[in-house]
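Residue-level structure breakdown
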Amino acid sequence: MEGTESRSGAASSVVADWSLAFWTLCAVILPVLITLWCSFQRSRRQVLIRDIFRKSKHDWHYTDLFGQPSYCCVCAQHILQGAFCNCCGLRVSEGCLKKADQLFLCKEIMMRSNGGAHSSMPHHWIRGNVPLCSCCMVCKQQCGTQPKLCDYRCVWCQYTVHDECMMDCLKTEECTFGEFRDLIIPPYYLSTINQMRKDKRTNYEKVVPYCRKHWMPVIILANTRSGNNMGGTLLGEFKILLNPVQVFDLSKIAPAKALQLCTLLPCNAVRVLVCGGDGTVGWVLDAIDEMKIKGQERYIPQVAILPLGTGNDLSNTLGWGAGYAGEVPVEQILRNVMEADGIKLDRWKVQVTNKGYYNLRKPKVFTMNNYFSIGPDALMALNFHAHREKTPSLFSSRIINKAVYFFYGTKDCLVQECKDLNKKVELELDGERIELPNLEGIIVLNIGYWGGGCRLWEGMGDEPYPLARHDDGLLEVVGVHGSFHCAQIQVKLANPVRLGQAHTVRLILKSSKMPMQVDGEPWAQGPCTVTITHKTHALMLYHSGEQTDDDASSVSEQDHVREQTDEDL
């Protein structure tokens, strides 16, 4: 009996162990299988959605959460996630995507030819999801107040109308293109130009929409990789307000190709808004110089800046601010572009000729808009760029970028890698050699701002100094004693060592390797001769917005520049 009981006890314990092992295995494997199945379904759904997006005429983008209460334009149900069109503003649930493609037309960048010329077009109404605080164009009361799909919005003029105020006459009424009519390229204009090109006619100036004298079409060039990565959001907002053909993503198309749109528009009328950092602005200005080489001088546009980079010194100099983080509505940005004044900007040729090698190496040639430097600030830029090349994902925020600059600046205060620069270089201003004091860095300035918002040439403002301008053909040359001295200048606790102003700057690096930079693009340079000469002028736009204390000292300077530019034009 005892043996039987012991065997049955052993068998039951084995069964219990196997049962525990089975349920433990189930507890581990089942969540994994469910996760894999959900992941497979999600990836399959994403493939289907991407396929719909690819075949659609709408510029669909998927979001997991809309930023405001939204309703599907097809089934009228409230939705938290789904797809929205970056061009016309349609919002639909995932299941209604195919129906939306069949039911609703997107913005037409060019009118379909019906055998005749067009000079106007009707409103293009879309129902529901009107902007918050919008008013009805008929009764002047607020639209979109009901918690359902209601009211209409025209995708061109952005006017809104209540359901009960919508009349048959409004559906066929001519669209005026609203507040930004002077900036929009109308679809019928492009269809007319297309027909003229087929007929081999090039007198595009005669085809001016609305019979308006002050038409100034704008082209948006956005770098989605600049600074805080806001370029993607801005692209969609500009496409809603303008013709999508006017908005370009510089990560997909080069500026030189995008600017060819200027050749289809009236001469000396186009304005370009560059959304990016100073490097992006330089890229666009280089493309404009290529237009001059091709003989397209009469199509050269004026350039405005929406600062998305880290330093944004050129943007700051021209009154567009030190950085954009979404605090100003896109509508106000377009108003600023319309109201901005034309101004000139000097551009400089920087030629770096290496010593030795029997002059077999070609000299390196750069174009400078902001500044050239050798010394601690170039070393900080070089370290920053090396770090960013290794881990680019960490540098998606303007604050992080500036923190890294601060770290390398603090490090250089202790190490002083650029000391005794005055013993390693010779400096000539307009052919005259300058005796250098004990320095660690030399900075050659074309614009008022440097180092992310510091007016370097002015310093503390307690000493007399010649006025600095960015269109006078003169460069300002200053020296610094080190990274700590740079920091003191930025907080107005010290003045720079002003070495002089010149039309031509020549710098000879006699020995060793030193860090150099042109407009934030750094490199390590051996013995060489650096020659900076005037290259050309760029047509820019100056925004006279709210002024800071730093700007107050240069108000008369900017007024004089604008008056002189107006006389030249």
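The structure under discussion appears in the preceding block.
So, here's what we can say about the structure. (Residues numbered from 1 in each chain as written. Predicted model: local features only at pLDDT ≥ 70, side-chain atom pairs only at ≥ 80, totals over all residues. Heavy atoms only, no water.)

Of all the residues in helix H5 (residues 231-241), the buried ones are Gly-231, Leu-234, Leu-235, Gly-236, Phe-238, Lys-239 and Leu-241. Where H5 is buried, its residues contact strand S9 (218-222), strand S10 (247-249), strand S11 (271-276), strand S12 (302-307) and helix H9 (330-339). (Buried < 20%, exposed > 50% of the residue type's maximum accessible area, 1.4 Å probe, protein only. Helix = DSSP H or I, 4+ residues; strand = E, 2+ residues; numbered from the N terminus. Contact = heavy atoms within 4.5 Å.)

With that settled, consider the packing of aromatic side chains. Summed over the entire model, instances satisfying the criterion amount to six aromatic pairs. Centroid distance Trp-156 to Phe-177: 5.6 Å. Interplanar angle 65 degrees. Geometry classified as edge-to-face. Of this pair, Trp-156 sits in the loop between strand S7 (152-154) and strand S8 (160-161) while Phe-177 sits in the loop between helix H3 (168-172) and helix H4 (187-198), and the two are 21 residues apart along the sequence. Taking the relative accessible area as the measure of exposure, Phe-177 reaches 1% and is therefore buried. Seen in terms of ring centroids, Phe-177 and Tyr-188 are 6.4 Å apart; in terms of plane orientation they differ by 65 degrees. Their pairing is edge-to-face. Here Phe-177, found in the loop between H3 and H4, pairs with Tyr-188, found in helix H4; they are eleven residues apart in sequence, far enough to count as distant. (Phe/Tyr/Trp six-rings, centres within 6.5 Å; stacked < 30°, edge-to-face > 60°.)

Below, the discussion takes up the nonpolar core. Formed by 100 residues in total, the largest nonpolar core has its most connected members in Trp-60, Leu-221, Phe-238, Leu-242, Leu-259, Leu-273 and Met-540. Considering each element in turn, this core owes the most residues, six residues, to helix H7 (residues 278-293). Not counting the four nearest positions on each side in its chain, Leu-273 is found in contact with Val-218, Ile-219, Ile-220, Leu-221, Phe-238, Ala-304, Ile-305, Leu-306, Ile-333 and Val-337. With 32 residues, the next largest nonpolar core counts Phe-372, Leu-379, Val-530 and Ile-532 among its residues. (Core = buried A, V, L, I, M, F, W, Y, C linked by side-chain atoms within 4.5 Å.)

Applying the stated rule across the entire model yields 13 salt bridges. Note that Asp-59 is salt-bridged to Lys-239, the shortest N-O span being 3.1 Å. Highlighted residues: Asp-59 in the loop between helix H1 (2-55) and strand S1 (60-63) and Lys-239 in helix H5, separated in sequence by 180 residues. Residue classification places Lys-239 among the buried positions, given a relative accessible area of 18%. For the salt bridge of Asp-471 with Arg-469, the shortest nitrogen-to-oxygen distance reads 3.0 Å. Taking relative accessible area as the criterion, Arg-469 reaches 18% and is therefore assigned buried. What you see here is one network of salt bridges that share partners, running through Asp-286, Asp-289, Lys-292, Arg-347 and Lys-535. (Salt bridge = Lys/Arg side-chain N within 4 Å of Asp/Glu carboxyl O.)

This part is about the side chain of Asp-278. Among the secondary structure elements, Asp-278 is positioned in helix H7. Engagement of the side chain of Asp-278 in a polar contact is seen with the side chain of Asn-370, the distance being 3.0 Å. (Polar contact = N/O pair within 3.5 Å; in protein donor to acceptor, adjacent residues only side chain to side chain.)

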